[in-house]
Amino acid sequence: MKIKKTMGDHAFNAITYIVMTFVLVVTLYPFWYVVVGSVSSMAHLIKNGFVLWPDGLHLDAYEQVFRNDLVPVAYRNTLIVTLGGTALSMLLTILGGFVLSLKKLPGRVFFTFFFVFTMMFGGGLVPTFLVVSRLGMIDTLFALIVPGAISTYNMILMRNFFESVPESLYEAASIDGETLPGYVFHILLPLSGAAIATITLFYAVGYWNDYFSSIIYIRNNRLWPMQTVLRQVLQTAQMNNMMYDDAKKGVAPETLKDAMIVVTMIPILCVYPFVQKHFVKGVMIGSIKG
């Protein structure tokens, strides 16, 4: 039986659609503006300023971007850090979350407090730099991975998800002769797909977008990730003079900046459609328990 909607329901839906449409436009316009700016000609940008449509498909800016030797190297560094760091972070997060979810763990409350305490208080930048330096990780990609290899927030989410799995599953698996590692890999992890996908996305985006660590720990520009190269581009007024040896092609500095932004953000944006269906479910499941 179809429920008849009142005038209040129609008004609420209309307001909701209007607000969400406004939010969508405000969210997407900066991305669209950057993409349009990256393929527009210099004359079009100078004449019109803020543009909604390009005056054609001008790829000179992208040609200039990929002519710079730092860009392929920075892409390689970013992929190594993102893939390697995410794998290490997920390994530590899953192991830590599983151990803390064991109700029979001696000192479980103490260890949980020990980790949660780090969310409120940290050693600070200088002590962290000294630790990284004395471990010999300065000017290595390990400095971009190891110091932030685990997030307490993500580990707590994973712990909460593991706690939501009924203990009867482990008891049934034990009766069938399954060992604890077998239970984790054959039963628990397959059931945790949503949580694992969500936290993996958190880590991957964090590693991909991190530029501050390389500013602190990396002195060799051949080890810079893409975000640091992008930062240097955005902060340099005379970009053509800094990165490229010819400005005679008529590529506007703003167009080059837009092209660099697009080249930097497109790969991580391509990951979202594959993880989005797990995103809300994973966060909600992991936040049910405290």
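Residues numbered from 1 in each chain as written. Predicted model: local features only at pLDDT ≥ 70, side-chain atom pairs only at ≥ 80, totals over all residues. Heavy atoms only, no water.

Trainee: What am I meant to see in the overall build of the protein here?
Mentor: Helix and strand counts for the protein come out as 14 helices and 0 strands. If you list the helices and strands of the protein from N to C, you get α-α-α-α-α-α-α-α-α-α-α-α-α-α. Within the protein, counting contacts between residues at least 6 apart in sequence, those at least 24 apart form 72% of the total. (Helix = DSSP H or I, 4+ residues; strand = E, 2+ residues; numbered from the N terminus. Contact = heavy atoms within 4.5 Å.)

Trainee: Honestly, the confidence of the model for the protein in this entry has me stumped. Any pointers?
Mentor: When the pLDDT values of the protein are averaged, the result is 82; 85% of them are 70 or greater. Low pLDDT, under 50, characterises residues 237–248; the predicted model gives this stretch 22 contacts beyond four residues in sequence or across chains. Note that residues 286–290 has pLDDT below 50 and, in this model, 9 contacts with residues that lie over four places away or in other chains. (pLDDT = per-residue confidence, 0-100.)

Trainee: Teacher, can you tell me more about the nonpolar core here?
Mentor: When a protein is soluble and globular, its nonpolar side chains tend to lie buried together. Ranked by internal contacts, the top residues of the largest apolar core, which has 48 residues, are Met90, Ile94, Met158, Phe162, Met226 and Met260. Counting only elements with at least two residues in this core, the list comes to helix H3 (60–67), helix H4 (70–101), helix H7 (152–164), helix H9 (180–191), helix H10 (193–209), helix H12 (226–235) and helix H14 (253–286). Setting aside its immediate chain neighbours within four residues, Met90 contacts Met158, Ile196, Ile199, Thr200 and Tyr203. (Core = buried A, V, L, I, M, F, W, Y, C linked by side-chain atoms within 4.5 Å. Buried < 20%, exposed > 50% of the residue type's maximum accessible area, 1.4 Å probe, protein only.)

Trainee: Help me understand the packing of aromatic side chains in this model?
Mentor: Given two aromatic rings, their pairing is described by the distance between the two centres and the angle made by the two planes. This model, assessed by the stated rule, comprises 11 aromatic pairs. Between Tyr29 and Tyr33, the aromatic rings sit 6.0 Å apart at their centres with planes inclined by 35 degrees, giving tilted as the arrangement. Of the two residues, Tyr29 and Tyr33 are both situated in helix H1 (residues 7–38); the distance of 4 residues between them amounts to about one turn of the helix. Under the relative-accessibility criterion, Tyr29 is labelled partly exposed at 30%. (Phe/Tyr/Trp six-rings, centres within 6.5 Å; stacked < 30°, edge-to-face > 60°.)

Trainee: What am I meant to see in empty space enclosed by the protein here?
Mentor: It is a probe the size of a water molecule, rolled over the atoms, that shows where empty space is left. This model, assessed by the stated rule, comprises 1 cavity of 30 Å³ or more. Approximately 50 Å³ is the volume found for the largest cavity. Forming the walls of the largest cavity are Thr78, Val81, Leu144, Tyr207, Trp208, Asp210 and Pro225. Listing elements by their share of the lining of the largest cavity, those giving two or more residues are H4 and H10. Its residues placed into classes, the lining of the largest cavity shows 5 nonpolar, 1 polar and 1 charged. (1 Å grid on protein atoms, 1.4 Å probe; cavity = no way out; pocket = protein on both sides within 12 Å on 5 of 7 lines; lining within 4 Å. Points joined across faces, edges and corners; volume = space filled by probe spheres on them. Nonpolar A, V, L, I, M, F, W, Y, C, P; charged D, E, K, R; others polar.)

Trainee: What should I look at first to understand the pattern of salt bridges in this one?
Mentor: A side chain with one charge may pair with a side chain of the opposite charge, provided their charged atoms come close. Within the structure shown, the criterion is met by 3 salt bridges. The residue Glu163 makes a salt bridge to Arg159 at a minimum N-O spacing of 3.9 Å. Taken together, the residues Glu163 and Arg159, both in helix H7 and 4 residues apart, mark about one turn of the helix. Residue Glu163 is classed as buried on the basis of its relative accessible area of 12%. Of the residues examined, Arg159 reaches a relative accessible area of 6% and is grouped as buried. Taken together, the shared-partner salt bridges connect Arg108, Arg159 and Glu163 into one network. (Salt bridge = Lys/Arg side-chain N within 4 Å of Asp/Glu carboxyl O.)

Trainee: Got a minute to help me understand the environment of Ile80 in this structure?
Mentor: When you line up the elements, Ile80 lands in helix H4. Take Ile80: its relative accessible area is 41%, and that puts it in the partly exposed class. Put simply, Ile80 and Leu141 are 61 residues apart on the chain and 8.2 Å apart in space, counted from C-alpha to C-alpha. Filtering out sequence-adjacent residues up to four positions away, Ile80 remains in contact with Gly85, Leu141 and Ile145.

Trainee: Sorry if this is basic, but what is going on with H9 here?
Mentor: The α-helix winds at 3.6 residues per turn, so residues separated by three or four positions along the chain end up facing the same way. Relative to the 16 Å expected for 12 residues at 1.5 Å per residue, H9 spans 15 Å between its end C-alpha atoms, a close match to the ideal helical length. Every buried residue belonging to H9 is among Gly182, Tyr183, Val184, Leu188 and Leu189, and all of these are buried. Where H9 is buried, its residues meet H4, H7, helix H8 (167–175) and H10. (Expected span 1.5 Å × (residues − 1).)

Trainee: I tried to follow the packing of H4 against H10 on my own but got confused; where do I start?
Mentor: Any two packed helices are characterised by the angle at which their axes cross and by the distance between the axes. The contact between H4 and H10 brings their axes to 9 Å, and the two run at 140 degrees. Taken together, the axes of H4 and H10 lie oblique to each other. Pair H4 / H10 crosses with right-handed handedness. Contacts between H4 and H10 involve Tyr75, Thr78, Leu79, Val81, Thr82, Gly85, Thr86, Ser89, Met90, Thr93 and Ile94 on the former and, on the latter, Ile196, Ile199, Thr200, Tyr203, Ala204, Tyr207 and Trp208. (Axes fitted to C-alpha atoms, helices over the stretch in contact; angles between N-to-C directions. Parallel < 35°, antiparallel > 145°, perpendicular 65-115°, else oblique. Left-handed = near helix turned anticlockwise from the far one by under 90°.)

Trainee: Honestly, the layout of surface pockets in this entry has me stumped. Any pointers?
Mentor: As a volume, the largest pocket reaches approximately 620 Å³. Around the largest pocket, the lining is made up of 23 residues, and of these Thr118, Pro147, Gly148, Ile150 and Thr152 lie nearest the centre. Elements with a contribution of two residues or more to the lining of the largest pocket: H4, helix H5 (108–120) and helix H6 (125–134). In terms of residue class, the lining of the largest pocket is made up of 15 nonpolar, 8 polar and no charged. The space that makes up the second largest pocket amounts to roughly 390 Å³.

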